[in-house]
Structures are given as C-alpha cells and as structure tokens.
Amino acid sequence: MSSRALPALAVRQWPGAKAATGAVSVGLLFVLWYAATRWQWLPEGFVPPMTDVWRATTHLARTGELWSNLVATLRASFWGLAAGLLIGVPTGLLMATSGRFERIVAPVVRSTYALPKTTLIPLLVLWFGVGGMTNIVVIAVTTTLPLIVYTLRGAHEVPHVLLWSARSLGTSRTGLLWRVVLPGAMPQILTGVRVAFGFTLLVAISCEMIVANQGIGKLISQYGDQGSYDYLFAALLATTVIAYLADLTLRKVSQFWLRWHETTQHHD
C-alpha cells in the first residue's frame, strides 16, 4: 500500500469528542467523590462531603466573599503576567539576535530559573510591604523566566531561509526582529504564556497564604486554620474552575491568532 493512501485511513473524530470525554471524566470524579463520602470509603474528615462543599460554595458566592477574593487573585495574576510579558518577550528576542546580550543574560536566567520564587517574599515584603505589590512582583519574576526561555526557543526555530530572504530584501535589524523573528516565534511565545499563567495562580495563592490581606490564598489559609474544610474545598474548586476556563480561553485565542500556522491546522 502506498503512503499516499494512509491519510484516508484516519478515523474522523466528532468535533466535540474531546470536550465530551473531559466532561465525562470530571463527572465520574464527582460521582466517585460523592460515593466515597456517602459510604465512608475514606477515613472520616479526609474529604468533606460534596454536598457540604456545594453549600459552602453557594454561601461564599451569595455573600460576595468568593468573588472579591477571586478578583484580588486574578488582578495580581494579570498585572504580574503583563509585567512578565513586557520584560520576558523583548529579553528573549534580544538574546536570540545578539550573541553578546545572550552571553550576559543567559547565566542569570539559568541560575535563577529553578529558584523557588516564594523564597523572595521576605525580601520583597521589606521593600514593598504587605499587600498586592509584593504579589505582583513575585509573579512578574516567576513569569518572566519561562517567557524568556520560550521566546528564545521560538526565535531559534525561525527558519534561516526566512532570515536570509528578509536580509536580501534590505530589511533592517529592527525590521527583521519585529517582522520575521517575532511572528515566527509566536507559537512558542503563546505556549510560554500558558505555562506562565499556570505559575501565576500557583505563586499568587502561595503569596496570599503568607502575606496578603485578601485573595483566594488568604481564604484557603483562613478556613484551613479554622478547620472549615468544606469552605476550604469550595475555594479550591472555584480556583480550579477559573484556572481551567482561563487556560481554555488562552488556547482558543492562540489557535485563532495562529490559524495561519501549520501547528494549528488540525486542531478542533
């Protein structure tokens, strides 16, 4: 059989199959949770009953406590991620186009990439005090590094033939950077944004549990100290839903923005 006939053998998948499979998986998880607490498959107090968590969630939503803390967490995450983008993407592009700049910056990136960023909190509290600014700075530092790495990787993956063609047409160094390198690196940059966003929520909640006056992390810490595990799980579930929806939105935006790119031609 020739290789040209192979694509015809591919099984056509229902466009909503992935979403349906995900919904079924989540539904089964909730059924298992309900059964485990209903028939006491787990030690008492290990996981609160799902009905208690639902009541806690509706109470937090009705009083507005859930929304105000979610907004605080998302606001810090947004500004921290925005700062990371403004610093990380240009830095990665400059490293890709300037060997001297890369030799200067690369050791700093490598030495700080694996550093737990929450260890900076005591120092930043001294500089910025307890509040949202400390969270934003920690998030900015956390997101800048992966954005530098993904931007640099994407810039290095730009085909050399495109660079040679642009140079032969008289494109300036600045034009080469913004018209050829940046669009070519965009798939990796957007992947870096999704990775960085995951870090933002993790770091934001961690910071809020330590130094913030509000936020989902503060809510989790507060109800954990009180032993109100149904409210603690309510805050965790709300954060999980928001994180999933945000990642889904980023993925759809990326697919739309990169609809011209070969990597998005076969996505649902």
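Residues numbered from 1 in each chain as written. Predicted model: local features only at pLDDT ≥ 70, side-chain atom pairs only at ≥ 80, totals over all residues. Heavy atoms only, no water.

## Regarding the overall build of the protein
Inference 1: What the protein contains, in helices and strands, is 10 helices and 0 strands.
Inference 2: In the protein, the order of α-helices and β-strands from amino to carboxyl end is α-α-α-α-α-α-α-α-α-α.
Inference 3: Expressed as a percentage of its 268 residues, the buried residues of the protein come to 36%.
Inference 4: Looking at the protein alone, contacts between residues at least 24 apart form 70% of all its contacts between residues at least 6 apart. (Helix = DSSP H or I, 4+ residues; strand = E, 2+ residues; numbered from the N terminus. Buried < 20%, exposed > 50% of the residue type's maximum accessible area, 1.4 Å probe, protein only. Contact = heavy atoms within 4.5 Å.)

## Some points on the pattern of salt bridges
Inference 1: Throughout the structure, instances matching the rule amount to 3 salt bridges.
Inference 2: Here D52 and R55 are joined by a salt bridge, their closest N and O atoms 2.3 Å apart. Remark: R55 and D52 occur in helix α2 (residues 50-63); sequence separation between them is 3 residues, near one turn of the helix.
Inference 3: By relative accessible area, which is 24% here, D52 ends up partly exposed.
Inference 4: A salt bridge links R251 to D247; the shortest N-O distance between them is 3.6 Å. (Salt bridge = Lys/Arg side-chain N within 4 Å of Asp/Glu carboxyl O.)

## Structural notes on the environment of I136
Inference 1: Structurally, I136 can be placed in helix α6 (residues 132-156).
Inference 2: For the pair I136 and V203, spaced 67 residues apart in the sequence, the C-alpha separation amounts to 9.6 Å.
Inference 3: When sequence neighbours within four positions are dropped, the list of residues in contact with I136 reads A76, W79 and G80.

## A few points about helix α4 (residues 99-113)
Inference 1: The first and last C-alpha atoms of α4 sit 20 Å apart over 15 residues, in line with the 21 Å expected at 1.5 Å per residue.
Inference 2: The principal kink in α4, of about 35 degrees, is found at V105, preceding the proline P107 by one to four residues.
Inference 3: Within α4 the residues assigned to the buried category are V105, A106 and V109. (Expected span 1.5 Å × (residues − 1). Bend = angle between axes of the 7 residues up to and from the residue.)

## Notes on the environment of I121
Inference 1: Structurally, the position occupied by I121 is in helix α5 (residues 121-128).
Inference 2: Considered as a pair, I121 and V137 are 16 residues apart in the sequence and their alpha carbons are 9.3 Å apart.
Inference 3: Look past the residues within four positions of I121 in its chain and what remains in contact with it is V138, C207, I210 and V211.

## Side note on the side chain of T151
Inference 1: Along the chain, T151 falls in helix α6.
Inference 2: Residues in contact with T151, not counting those within four places in the same chain, are G88, V89, G92, L93, A185 and I189.

## Some details on the UniProt feature "transmembrane region" (unreviewed entry) in the protein
Inference 1: Listed under "transmembrane region" (unreviewed entry) in the UniProt record, and renumbered for this structure, are residues 20-36, 76-99, 120-149, 193-211 and 231-250.
Inference 2: Secondary structure over residues 76-99 splits into 96% helix and 0% strand, and the C-alpha atoms at its two ends are 34 Å apart.
Inference 3: Counted over residues 231-250, helix gives 100% and strand 0%. Its end C-alpha atoms are 29 Å apart. (UniProt positions renumbered as here; feature names shortened; annotations may be inferred.)

## Some words on the side chain of N69
Inference 1: Turning to its location among the elements, N69 is positioned in helix α3 (residues 65-97).
Inference 2: A distance of 2.6 Å separates a polar side-chain atom of N69 from the backbone oxygen of E65.
Inference 3: Setting aside its immediate chain neighbours within four residues, N69 contacts Q214, G215, I216 and L219. (Polar contact = N/O pair within 3.5 Å; in protein donor to acceptor, adjacent residues only side chain to side chain.)

## Structural notes on the layout of surface pockets
Inference 1: Volume-wise, the second largest pocket comes out at about 330 Å³.
Inference 2: If you go around the second largest pocket, you meet 17 residues; those closest to its centre are F78, L81, L85, V193 and L250.
Inference 3: Those elements that provide at least two residues to the lining of the second largest pocket are α3, α8 (173-210) and α10 (229-257).
Inference 4: If one sorts the elements of the lining of the second largest pocket by residue count, α3 sits on top with 7 residues.
Inference 5: Looking at side-chain class alone, the lining of the second largest pocket contains 15 nonpolar, 2 polar and no charged residues. (1 Å grid on protein atoms, 1.4 Å probe; cavity = no way out; pocket = protein on both sides within 12 Å on 5 of 7 lines; lining within 4 Å. Points joined across faces, edges and corners; volume = space filled by probe spheres on them. Nonpolar A, V, L, I, M, F, W, Y, C, P; charged D, E, K, R; others polar.)

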